[in-house]
Every structure is written in C-alpha cells, then in structure tokens.
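# Observations on the model geometry
If you want the building blocks of each chain, they are given just below.
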Amino acid sequence: MILPGAVLGVLGGGQLGLMFSLAARRMGYRIMVVDPDPDAPAFAVSDRRIVGSYADPDVLSEVARSCEAVTTEFENVPAPSLAFLEKIRTVRPSSRSVGTCQDRILEKTFLRDQGFETAPFAVLLDGKLPSPDILRPLLPGILKSSREGYDGKGQWGIGSIEEMARFMEGRTGSYVLERKLDLKGEFSVVLARDQNGETALYPVAENIHASGILHVSAVPADISGSLSERISSVAREIAERLDYKGVLSVEFFLAEGDRLYVNELAPRPHNSGHYTIDACVASQFDQQVRVLAGLPLASTRLLSPCAMGNLLGDLWQDRSPPPLRTLLKHPSAKLYLYGKKVPRTGRKMGHFTVLAGSASEASQKARSLLDSLSSSCEGR
Ligand code: ADP
Ligand code: MG
C-alpha cells in the first residue's frame, strides 16, 4: 500500500486529471501533474507540475524519481512512456491496457477475438483500401481514425464505395470502418478493478449524445434488470480479459431486438461517470486513487437517481460563461467549471449534476437546463 503523504503522478492535466487530483488530495496524497499545456486545469490544484511532453525522457525520469505511483487521465499518453515508468514505479492502468485502448484497431480486434460483439468493422491499414466485397456490407458506415480521436473528432460518415475511395486518396493513415448502426440507446459502465482482481461496478448510465459529444447522462439507466446485468457482466468480463488494474469505462450501443454491442473502452474515469461525485458513496476518482495506491475499493452505491449535463464551449461568448443564474439557483443542481481559459466549440468547459426522484425526472431537468442555457446564449 502506498500511504497518504506519498506523491502520486498523473499524466494529463485536463478535467479528469483535475478531478483525480482533488480526490487524491482529499485523501492526503500529494500530486504531480504532467501536461504540455501550461494552462492545464489540474495544475491549479497540483503540488508539483511539469509542463512537457509525455514522450520526453527527461520528463519521464523526473516523474519516476518523484512519484510513488503513476496514472493517466487519457488514453493518448504513449504506451511506451507508461512502459518505461512501469519498470521503476507502480503504473495503473498498465501500458498494455492503455496500449490496447488507445488504438481502435487493437481495441476492436481484441474485443472481437475475445468474443464480444462490436459493430461490424474492417481495418484500413496505412491507407490501404479493402476490397469492395468487404466494404459493401459496412455501408453506410462511419470511418474512424485508429488513434487520437475523441468526442466525435477523427470520424467521417461514408455512404458509398466511391466516397470511401475518394476519401482515402493520398492518405496513408490507419482507420476502422464501422457499419452505422440504428441505435436504440447508448449506455456506459464505469468500474474499478484492483491488483487482486476485486471489481466494483457503478450502475449503468444512459447517454444522450449531440454531434458525437456526450450531452446528458442519466442514472440508473431506464432499462430492464436483465439488460442492465448483461451490460455490467460484459464490462466486468472485459476488465478480466485485459487483466485490468484501475478505472475502466465501457461504452455500449443498443440496437434493434435488444442487440448489445461494445462501442469502445476508455482506460480511465469517464465523462458519463461524473455523477459518481455527487450521487455515489465514492466517486470514480476516489476509486482511481485507491487502485493506484493499493487501497481497498470503496462502495459504488448510488445514493440518488441523477443526471449529468455537459457545458460545452459553444455556450461561452468571448471567453465569458453563459448566464448561470438559473442553474445556480436550482435546488438540486451542482455546478462544476474546470477553469479552462479558452472556450472552443465542442470543448468541455464544465458540467452539472442534478439529483431527482427518478432518472427520467433528472434527465428531463438536465435537458431543460441545457436548453435554457442555449436559448439565453442565442438571445445575447
Ligand atoms: P469517441 O471516441 O469520439 O467517443 P465513438 O466511437 O464513441 O468515438 O463515437 C462517438 C459517437 O458517435 C457515439 O457515441 C455514437 O453516438 C456515434 N457512433 C459511433 N459509432 C457509431 C456506429 N457504428 N453506429 C452508430 N452511431 C455511432
Ligand atoms: Mg465514445
């Protein structure tokens, strides 16, 4: 066990790194944050900061010298950097787990090989186009870059073989082409798994996306007990097959006939799990600290139905936040702003959680608060 007072390191200082740091500090740990952006939100609450690249050997040596254990806030930290740290320090999740999740080709191939159902897909390696016979059943489809995509970035709708060929002209990158599914719903599960294989699962969240970005999550998902158990047991099994240690998030699609597909994995806490801060005994960030430090997992018990709404940069104007009075005055809404200086369209600037008597009531409230924020911005 790594006891409070020790320094924990986190690679990545965005909102997830910020919330990890706050949880770690509350438990008495000291924090070192690494991020190439000097304005990264987590620097505001870190004990030590390194502004630098995750691939820089000097940065990594400094982290290995200073921290007892290291985690990451996002999947795009180079796996070789984690592998380097692993030789000297505790790293959770492992370089192998992060390596699988940071590359859609590896991730989807892993899922398929392990017998988990994914949307039908084909791999396009180094710009090479598969034969029309392989492509045809996947159209209309969504082309996704194998690396670095998030919040719908690095994705393109593809309607025909000709369109596919035109898109790939002159490109040398690697992609996954997935059939576009007729979605009945989107769900996610966050879990924590410790070094002994003990696993703690949070309830299933139901997610509404807008333009490929999470808009609202409601918990517990309004689905049958048996579907909820299926989702949870698939998530648990994926963590076992990865021999995962840390906090893992699994996104699901539900299609016609209650067919369940695994969409993608995130080797870290998840945006749809922010509700755990306000509505569970312990948050996803508390669990991240506990697994990293080798402490027992905490309870994931849900204390109240709830919903989370994302506040995107679209609501900001000239760097000033939208009118937040209605949200702030709401008796059961709690606001989080991440302190990001530059608002951009689609950038996650903050979120809020609403507690209510039921998930659908909470979801309704969250959506109406977001609608009123959008319309008050349009009126400005
Ligand atoms: P990201 O890394 O950007 O979250 P995802 O693969 O999760 O990438 O895609 C973002 C969103 O796009 C999904 O939550 C879903 O709404 C939509 N989407 C992605 N793939 C498919 C698909 N095969 N069929 C239908 N919708 C999809
Ligand atoms: Mg996703």
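Just so we're clear, the structure is a prediction, and the values are computed from it rather than from any experiment.

## Concerning the environment of Glu86
By the secondary structure assignment, Glu86 is in helix H3 (residues 79–86). Glu86 sits in the partly exposed class, given a relative accessible area of 30%. With residues near it in sequence (within four places) discarded, Glu86 still touches Val91, Ser94 and Ser95.

## Describing the pattern of salt bridges
Per the stated rule, a full pass over the model turns up 20 salt bridges. Arg65 is the partner of Glu62 in a salt bridge, and the nearest nitrogen-oxygen pair spans 2.8 Å. Here Glu62 pairs with Arg65, and both are found in helix H2 (residues 57–66), just 3 residues apart, close to one helical turn. What makes Arg65 exposed here is its relative accessible area of 59%. Between Lys365 and Glu361 there is a salt bridge, and its shortest N-O distance comes to 3.5 Å. With a gap of 4 residues between them, Lys365 and Glu361 both fall in helix H12 (residues 359–378), about one helical turn apart.

## Remarks on the site of ligand 1
Near ligand 1, the surroundings consist of 19 residues, among which Lys144, Gly152, Glu178, Glu186 and Asn263 are the closest. Arg104 has a polar side-chain atom sitting 3.0 Å from an oxygen atom of ligand 1. Asn263 places a polar side-chain atom, nitrogen or oxygen, 2.8 Å from an oxygen atom of ligand 1. Look at ligand 1: alone it shows 540 Å² of surface, and the protein chains cover 91% of it. Secondary structure elements with two or more residues in the shell around ligand 1: strand E7 (141–145), strand E9 (175–179), strand E10 (183–193), strand E14 (246–255) and strand E15 (259–266). A class-by-class count of the residues in the shell around ligand 1 yields 5 nonpolar, 5 polar and 9 charged. Domain assignment of the residues forming the shell around ligand 1 places at least three in each of domain 2 (120–179) and domain 3 (183–378).

## Concerning the domain arrangement of the chain
Domain parsing of the chain yields domain 1 (7–91), domain 2 (120–179) and domain 3 (183–378). Each of domain 2 and domain 3 has a C-alpha centre, and these two points are 29 Å apart. In this assembly, 4 residues from domain 2 lie in contact with 7 residues from domain 3. Taken together, both faces of the contact between domain 2 and domain 3 bury some 370 Å²; the carbon and sulfur share is 35%. The interface formed by domain 2 and domain 3 includes 0 salt bridges. Viewed at the interface, domain 3 and domain 2 are joined by 0 residue pairs in polar contact (both at pLDDT 80 or more). Looking at side-chain class alone, the side of domain 2 that touches domain 3 contains no nonpolar, 1 polar and 3 charged residues.

## Here's the deal with unusual backbone geometry
At the junction of Leu139 and Pro140, the peptide bond is cis and its omega measures out at 0 degrees in the coordinates. The amide bond that connects Val219 to the next residue, Pro220, takes the cis arrangement and shows omega of -5 degrees. Located in the positive-phi region is Asp258, a residue other than glycine, with phi close to 55 degrees. Note on placement: Asp258 falls in the loop between E14 and E15. Taking relative accessible area as the criterion, Asp258 reaches 41% and is therefore assigned partly exposed. Phi angles above zero are rare outside glycine, and Arg319 is one such case at about 70 degrees. For Arg319, the position within the fold is in the loop between strand E16 (306–312) and helix H11 (325–329). The class for Arg319 is exposed, based on a relative accessible area of 56%.

## Thoughts on the pairing of E14
Within E14, 10 of the 10 residues are buried, leaving the element largely enclosed by the surrounding structure. What sits between E14 and E15 in their antiparallel hairpin is a turn of 3 residues, with Gly257 showing a positive phi close to 70 degrees.

## Structural notes on the pairing of E15
Of all 8 residues in E15, 6 are buried, a share of seventy percent or more. With 7 bridges connecting them, E14 and E15 associate as antiparallel partners. When the bridges of E15 are listed, Glu251 appears paired with Glu264.

Rules used throughout
- Residues numbered from 1 in each chain as written.
- Chains lettered and ligands numbered in written order.
- Predicted model: local features only at pLDDT ≥ 70, side-chain atom pairs only at ≥ 80, totals over all residues.
- Heavy atoms only, no water.
- Helix = DSSP H or I, 4+ residues; strand = E, 2+ residues; numbered from the N terminus.
- Buried < 20%, exposed > 50% of the residue type's maximum accessible area, 1.4 Å probe, protein only.
- Contact = heavy atoms within 4.5 Å.
- Salt bridge = Lys/Arg side-chain N within 4 Å of Asp/Glu carboxyl O.
- Near = heavy atom within 4 Å.
- Polar contact = N/O pair within 3.5 Å; in protein donor to acceptor, adjacent residues only side chain to side chain.
- Areas by Shrake-Rupley, 256 points an atom, 1.4 Å probe, with all protein chains shown as cover.
- Nonpolar A, V, L, I, M, F, W, Y, C, P; charged D, E, K, R; others polar.
- Domains from an automatic or database assignment.
- Buried area = accessible area lost by both parts, 1.4 Å probe.
- Pairing = 2+ DSSP bridges.

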